[in-house]
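Observations on the three-dimensional arrangement
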Amino acid sequence: MQVAIVLPVYNEEGVVEQTHARICAVVDSLPHEIKFYYVDDGSSDGTMKDLRALAEKDGRVCITQLSRNFGHQAALSAGMDAAQGEVVISMDGDGQHPPEMIPQMLNLIEQGYDLVQTQRMDEAQPASFKKWTSGAFYRFINVISGTRVLPGAADFRALTRPAVEALKSMPEYHRFLRGMVSWIGFNTVILPYQPAERISGVSKYSLAKMTRLAMDAIFSFSLVPLYVGLSFGALLFCLAAAEMVYVLSFWVTGQTSNLAPGWSSLMFVILIVGGMLMALLGFIGIYVGYIFQEVKRRPVYIVKGKYSDGK
Ligand code: UDP
Ligand code: MG
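The structure reproduced in this document is the subject of the present report. Remember, it's a predicted structure, so these values are computed and weren't measured experimentally. (Residues numbered from 1 in each chain as written. Chains lettered and ligands numbered in written order. Predicted model: local features only at pLDDT ≥ 70, side-chain atom pairs only at ≥ 80, totals over all residues. Heavy atoms only, no water.)

On to the overall build of the chain, then. Secondary structure assignment for the chain yields 10 helices and 8 strands. Against the globule reference of 19 Å for 311 residues, the chain gives a C-alpha radius of gyration of 26 Å, more extended than a compact globule. Across the 311 residues in the chain, those meeting the buried criterion constitute 44%. Expressed as a percentage of contacts within the chain between residues at least 6 apart in sequence, the contacts between residues at least 24 apart total 82%. Accessible area for the chain stands at about 16,400 Å²; split by element, carbon and sulfur atoms hold 63% of it. Here the chain contributes 27 positively and 28 negatively charged side chains, and the mean placements of these two sets differ by 5 Å. (Helix = DSSP H or I, 4+ residues; strand = E, 2+ residues; numbered from the N terminus. Rg over C-alpha atoms; globule rule 2.2 N^0.38 Å. Buried < 20%, exposed > 50% of the residue type's maximum accessible area, 1.4 Å probe, protein only. Contact = heavy atoms within 4.5 Å. Areas by Shrake-Rupley, 256 points an atom, 1.4 Å probe, with all protein chains shown as cover. Lys, Arg positive; Asp, Glu negative; His and termini not counted. Charge placed at Lys NZ, Arg CZ, Asp CG, Glu CD.)

Rendered as structure tokens:
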């Protein structure tokens with residue numbers, strides 16, 4: 001089989017070489033034709049130099065350099081667009097996705113699966129902010145989204161050509177690949193793994209980037225936030241009806257003098273209603289923003305150059 005390995009990298013100077021060596025140690029003995037598609041996501045350090053050096057030594061290395069940092073999901077998309085071959089494997093360039101799983105993934109593909117999705121098992125990991133927010137995020141997205149997103153799904157997966165083409169046919173600007181791969185369907189198998197330590201360097205997923213990814217997932221895979229308004233509206237309507245009955249009961253029984261001038265309850269209602277209206281306007285604003293970005297039909301990424309020095 002022709003197998004393409006896609007690796008997005010952003011400021012991974014001194015890391016890519018080791019990642020590459022580790023992957024080669026596993027795949028070189030396989031009877032497949034392997035090619036590497038590195039995507040430099042606008043790195044500002046020496047990553048590009050490292051990649052060029054790699055490409056000079058190893059003729060199977062192709063590099064796509066993006067014109068700026070477009071983000072992990074865009075870089076992955078760029079890699080999948082560049083990748084040739086019957087099977088495409090995507091993985092991180094920081095060594096956290098164990099290459100030792102590649103033979104098993106390819107085995108499953110040969111057995112007829114179209115999509116081998118790995119699942120990060122972090123029960124054994126110490127509690128951390130990232131682990132907690134990630135757990136909460138997956139629970140939340142699965143409650144509000146019609147598409148099931150596998151908890152702990154990693155962007156470490158093997159796809160056959162038809163599955164890759166299906167992903168490529170989705171032109172959306174806000175890309176959440178973990179949702180998109182489950183949306184396209186296909187014969188999928190899940191492989192759990194224990195994440196390794198980063199070879200070196202720090203996570204390139206800042207809090208802002210994690211928030212953006214979570215927003216992309218929520219607002220492009222769920223309309224539930226829009227319905228929140230409808231439910232609140234209905235609830236308020238019921239409350240109003242109940243209040244009407246309550247007030248009427250004073251009139252019917254002739255006790256109108258007992259009706260206290262309820263300043264506090266009034267304020268409370270005004271604040272709640274105001275808050276809800278603002279929150280809903282916010283939700284609608286976000287969806288309108290997403291629609292705006294989609295209708296502009298901007299490309300997901302811009303390629304600055306392509307290199308494969310071994311050619
Ligand atoms: N990455 C990227 N663009 C970005 C952020 C990250 O290409 O804007 C790459 C990064 O170099 C790595 C992979 O995506 O190969 C996963 O990122 P990272 O390891 O920083 O995330 P974490 O493992 O901490 O979730
Ligand atoms: Mg990582």
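Additional details are given in the paragraphs that follow.
Next up on the list: the site of ligand 1. Neighbouring residues of ligand 1: 18 residues in total, closest Glu12, Asp41, Asp94, Ser203 and Lys204. Protein contact buries 92% of the 530 Å² of open area that ligand 1 shows by itself. Of the residues in the shell around ligand 1, the class split is 4 nonpolar, 6 polar and 8 charged. (Near = heavy atom within 4 Å. Nonpolar A, V, L, I, M, F, W, Y, C, P; charged D, E, K, R; others polar.)

This next bit is on helix H5 (residues 129-144). Taking 1.5 Å per residue as the helical rise, H5 with its 16 residues ought to reach 22 Å, and the 23 Å between its terminal C-alpha atoms agrees with that figure. Of the positions making up H5, those classed as buried are Ser134, Phe137, Tyr138, Ile141 and Ile144. Considered in projection along H5, the buried side chains sweep an arc of 145° and stay on one side of the axis. Those residues of H5 that are exposed and angled more than 90 degrees off the buried face are Trp132, Arg139 and Val143. Looking at the packing, one finds that the buried side of H5 touches strand E5 (115-120), strand E6 (153-160), helix H7 (177-183), helix H8 (207-221) and helix H9 (224-252). (Expected span 1.5 Å × (residues − 1). Arc of directions from axis to C-beta.)

Let's shift gears to the pairing of strand E7 (residues 188-193). The alternating pattern of E7 places Val189, Leu191 and Tyr193 on a buried face and Thr188, Ile190 and Pro192 on a face that is not buried. Taken together, the 6 bridges between E5 and E7 define a ladder with parallel strand orientation. Bridging across to E7, Gln119 finds its partner in Pro192. (Pairing = 2+ DSSP bridges.)

On inspection of all chains with the given rule, the structure shows 11 salt bridges. Across the pair Arg60 and Asp58 runs a salt bridge, and its minimum N-O distance is 2.9 Å. The salt bridge partner of Arg157 is Asp155, with a shortest N-O separation of 2.9 Å. (Salt bridge = Lys/Arg side-chain N within 4 Å of Asp/Glu carboxyl O.)

By definition of the ideal shapes, four donors in a tetrahedron about a metal sit 109.5 degrees apart, and six donors in an octahedron sit 90 or 180 degrees apart. Only Asp94 (OD) and Gln96 (OE1) from the protein coordinate the magnesium ion (ligand 2), and they sit 1.9 to 2.0 Å from it. With a relative accessible area of 4%, Asp94 lands in the buried category. (Donors = N, O, S within 2.8 Å, 3.2 Å for Na, K, Ca; no water.)

Here we come to the sheet that holds strand E3 (residues 61-66). If you walk across this open sheet you meet the 8 strands as E7-E5-E6-E4-E1-E2-E3-E8, and the pairing is mixed. Each of the sheet's edge strands pairs with one partner strand only, and the pair in question is E7 and strand E8 (303-307). Strand after strand, the sheet turns through a mean of 20° between neighbouring axes, direction not considered. Strand direction decides the pairing type here: strand E1 (residues 2-9) and strand E2 (residues 33-40), joined by 8 bridges, are parallel. In the sheet register, Val9 faces E2, and the bridge partner there is Asp40. Packing of helix H2 (residues 47-57) onto the sheet brings it into contact with E1, E2, E3 and E8, and relative to E3 it is tilted by some 155°. (Axes fitted to C-alpha atoms, helices over the stretch in contact; angles between N-to-C directions.)

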